[in-house]
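# Structure assessment
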Amino acid sequence: MSQSTGSTGSGVSPDVASAVALEDAHVATLYARLDVLRAQTADQLAEVRRTLATGTHQSRFERDAFATLYEDRLSQLWSVENRLCFGRLDLQPGTEDPRRYVGRLGLADERGNQVLVDWRAPAAQDFYQATAAAPRDVVRRRHLLTSGRRVTGVDDEVLVAAEGERTTGDAALLAAVTAPRTGRMGDIVATIQAEQDRVIRASERGVLVVQGGPGTGKTAVALHRTAFLLYTHRDRLARSGVLLLGPSPVFLRYVEQVLPALGETGVVTMTLAELFPGVVGRGDEPPAAARVKGSLRMVDVLDAAVADRQRVPARPLRFDVDGTRLLLRPDAVAAARTRARRSRKPHNAARVTFVRELLNTLVTSLARSRGVDLNEERDDLVTELREHVDVRREINLCWMPLTPQKVLAGLYRDPGLLERVAPQLSAAERAALHREDPTAWTEADVPLLDELAELLGPVEESAGRARRDADREEQVAYARKVLEDFEASGVGNPLVSPELLADRFSTDGPTGTVAERAAADRTWAYGHVVVDEAQELSAMAWRLVERRCPSRSMTLVGDVAQTSNPAGARSWAQALKPVVDDRWRLEELTVNYRTPARIARVAADVLRAAGISANPPTPVREGEHDPVAVALAGDGGDAARVVEVVRARFASLDEGRIALITAEVRGDLGSDALRAAVAAALPPGAVATSPDDLDAPVSVIDVQRAKGLEFDVVVLVEPGAVLRRPRGANDLYVALTRATQELHVLHAEPLPAGMASIG
Ligand SMILES: Nc1ncnc2c1ncn2[C@@H]1O[C@H](COP(=O)(O)OP(=O)(O)OP(=O)(O)O)[C@@H](O)[C@H]1O
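The name that an unreviewed UniProt entry assigns to the protein is DNA helicase IV, with the source organism given as Kineococcus radiotolerans.

## Remarks on the overall build of the protein
Counting its regular elements, the protein contains 29 helices and 22 strands. Counting only contacts in the protein whose residues sit at least 6 apart along the sequence, the fraction spanning at least 24 positions is 73%.

## Here's the deal with the pattern of salt bridges
As enumerated under the stated definition, the model contains 63 salt bridges in all. In this structure, Arg548 and Asp450 form a salt bridge, with 2.9 Å as the shortest nitrogen-oxygen distance. One end of the pair, Arg548, is in helix 23 (residues 539-548); the other, Asp450, is in helix 19 (residues 445-456), and 98 residues separate them in sequence. Across this residue pair, the class does not change: Arg548 and Asp450 are buried. Note that Glu454 and Arg522 form a salt bridge whose closest N and O atoms lie 2.8 Å from each other. Within this pair, whereas Glu454 is found in helix 19, its partner Arg522 is found in the loop between helix 22 (514-520) and strand 13 (528-531), the two being separated by 68 residues in sequence. Under the relative-accessibility criterion, Glu454 is labelled partly exposed at 39%. Taking relative accessible area as the criterion, Arg522 reaches 17% and is therefore assigned buried. Residues joined in a network through salt bridges with shared partners are Glu23, Arg88, Asp90, Arg99, Arg140, Arg142 and Asp156.

## Points about the nonpolar core
Phe86, Trp119, Tyr128, Ile661, Leu716, Leu736 and Met755 are the most contacted members of the largest nonpolar core, which totals 74 residues. Take this core: its biggest share by element is 8 residues, from helix 6 (residues 218-232). In this structure, Leu245, Phe276, Leu402 and Leu449 belong to the second largest nonpolar core, which totals 58 residues.

## A closer look at the pairing of strand 7 (residues 150-159)
On a regular strand, each side chain points to the face opposite its neighbour's, so the side chains alternate between the two faces of the sheet. With respect to burial, strand 7 is a largely interior element, 7 of its 10 residues being buried. Sheet analysis places strand 6 (residues 138-147) next to strand 7, joined by 8 bridges and oriented antiparallel. Paired with Arg140 across the bridge in strand 7 is Val158. Between strand 6 and strand 7, which pair antiparallel one after the other, the connecting turn spans 2 residues, and Gly148 there sits at a positive phi close to 60°.

## Examining the sheet that holds strand 20 (residues 698-702)
If you walk across this open sheet you meet the 5 strands as 18-22-21-19-20, and the pairing is parallel. Looking at the sheet topology across the chains shown, the edges are occupied by strand 18 (628-631) and strand 20. The average undirected angle you get between the axes of adjacent strands in this sheet is 20°. Of the strands in this sheet, strand 19 (658-662), strand 21 (711-717) and strand 22 (739-747) are in contact with helix 29 (residues 728-736), which crosses strand 21 at around 140°.

## Here we look at the UniProt feature "binding site: ATP" (unreviewed entry) in the protein
The sites that UniProt annotates as "binding site: ATP" (unreviewed entry) are Gly212, Gly213, Pro214, Gly215, Thr216, Gly217, Lys218 and Thr219. In this fold, Gly213 is placed in the loop between strand 8 (207-212) and helix 6. The buried category is assigned to Gly213, whose relative accessible area is 7%. Discounting residues that sit within four places of it in the chain, Gly213 has contacts with Lys218, Asp559, Gln562, Leu589 and Pro617. As for its placement among the helices and strands, Thr219 is situated in helix 6. Once you skip the residues sitting within four places of it in the chain, Thr219 turns out to touch Met185, Phe251, Val255 and Asp532.

Criteria and thresholds
Residues numbered from 1 in each chain as written. Predicted model: local features only at pLDDT ≥ 70, side-chain atom pairs only at ≥ 80, totals over all residues. Heavy atoms only, no water. Helix = DSSP H or I, 4+ residues; strand = E, 2+ residues; numbered from the N terminus. Contact = heavy atoms within 4.5 Å. Salt bridge = Lys/Arg side-chain N within 4 Å of Asp/Glu carboxyl O. Buried < 20%, exposed > 50% of the residue type's maximum accessible area, 1.4 Å probe, protein only. Core = buried A, V, L, I, M, F, W, Y, C linked by side-chain atoms within 4.5 Å. Pairing = 2+ DSSP bridges. Axes fitted to C-alpha atoms, helices over the stretch in contact; angles between N-to-C directions. UniProt positions renumbered as here; feature names shortened; annotations may be inferred.

Below you can see the structure in the form of structure tokens.
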């Protein structure tokens, strides 16, 4: 059995009081050590700046590199102030280091003895993995409850006899999951659960899919896994970069503090809409358009659209080259096209072959017409033809250098072209693709632009690339030497690779940081890609992600019961088949840390009523508040009623956040109108001015934007209308599972099937 003892409050037993005093004293020594290291590092930074401030270019270079390292180390030492140490492991006597303290980073005392183990280190693994059923060498796991630098309580589990796996550190966990929300996700290092830890520490090789219902910690796990992989494979990953793909900018802001709090700052975080450099796909579009654009049939459509721009004229082309008449017959153009296509190069590169073939034909007839020796005059004649305006124009009309934007815009603008190149789409599907402003790019356009970039290739090779590469190699070699010196100086392990350091102190700046270079380079190959809400990716989006990660080292987290994109996944097997066939492994998360059981039961009933087979996760707590339904009258006064419910909840809430979740953006009960109405009824600053604002206590958002977020109180308006959206049952499931404490449902229409139990 695993026994839990401990307290955070008054009236504690003498044993607990003395345990708290003991841990308090120990933690004080850890903070003292931290202070010493901070002071030492600050001194070393000042020293480097002073002693190497003058002199040659080389010594300034060296100073900047060392300064960068000390600054990194200092900011890491400052980032661990909060909850520096949160646990203790007591192992069987005779084990190496039988008492281990676990915390945010590893610390050694002045004699070099390890006094704190980094949560990511193998020596900390048992803190998360040991259970009563499989205690490994653990006798006791102790969670330290802290306030500032003081220990205020302990929560002990004594692992003495067999029992099934259970959640660990109950008091600490419950305190974490019931705490009021701030609008920003926090880290969970102190209370990572065994099933989550297995995912976090899983091998980085291959494709790992993490399926879990709402609130199972998928996002938290994805972020902690990212920190773990960077810690474990720093050299490789710092160089190649890690990409974290999230569903929306607001979601990325919601999670943006987690990795820095774990000491990691170099991860590239983006939405799919930003993955094609130079374009941000923020436009809205109807679900029907997104569905077609996400379909794999677009691969052939785009291929045909490019082929359509490789043209053979219907009639012979005639040129007058300085008095010499030339004829270019369609069959000669067709032959040049065939040759160019056979090169299997992208359109812009194959154009070189096409132009060369045509010029060969023309130059032969030019030489013949003028009666000159082709072999002797060839270069001059070719130059003459190349510079001839008509020749250039006609060759361009047959095979133009193209950009992805140009081809896609042309396709959307021209129904005739669409009909020609997309006979496999229905007329309705082609109509869905047509649009008046073809360059108002949407998220679903981004994978298509990327696909086209593959088909087209770059318009011209960027000049100077070779020179930049050579410069960079030199900088990296130098950075490697600086790192060796730094490690020898004994301040700690550098957090960066030579490449990263070269980026950081490079003052002439052609390279930028890994993150900047990766974000700007469509062909960047990331060392690992993490996709959150991965169920939302369409088949075309998967092709793009695959191109960004040729090593296929990926972590994909999501829930196929929450898919709202009409082109998104219905099952992992179906979504991943075209990407990696069946070469992926699955881990499941089964415990819901967010939604209390009283609310989660309603959400599960909605899924069941919609015939969606899913295993909703088991809530970790029952909760204190039953969900409440409030009937609206369906008259002109409903918006005022909604406002009144929000106002009343706001008045009685000391801390935490409220979300008013709507079915739509527009209309009386749409998010825009309700945001204005609620803002007028609440004190200034209480209501977020846009869906992207996470700091105000009250947010008014449509269900789409609520994805991945959570709130203490959710007020949901008109669930029946949510249900009518494409994949509406999934959206309703998402909306119902955003609450950490209370759910209020306001409805004029009858409550949807599955929600009848709400009183
Ligand atoms: N081990 C844990 N200890 C403390 N809190 C946890 C733990 N695991 C998850 N949580 C908390 O539970 C909440 C839900 O986590 P998270 O957002 O990662 O879930 P999710 O599976 O991504 O949910 P959804 O699919 O609904 O977006 C967060 O507040 C997170 O901090």
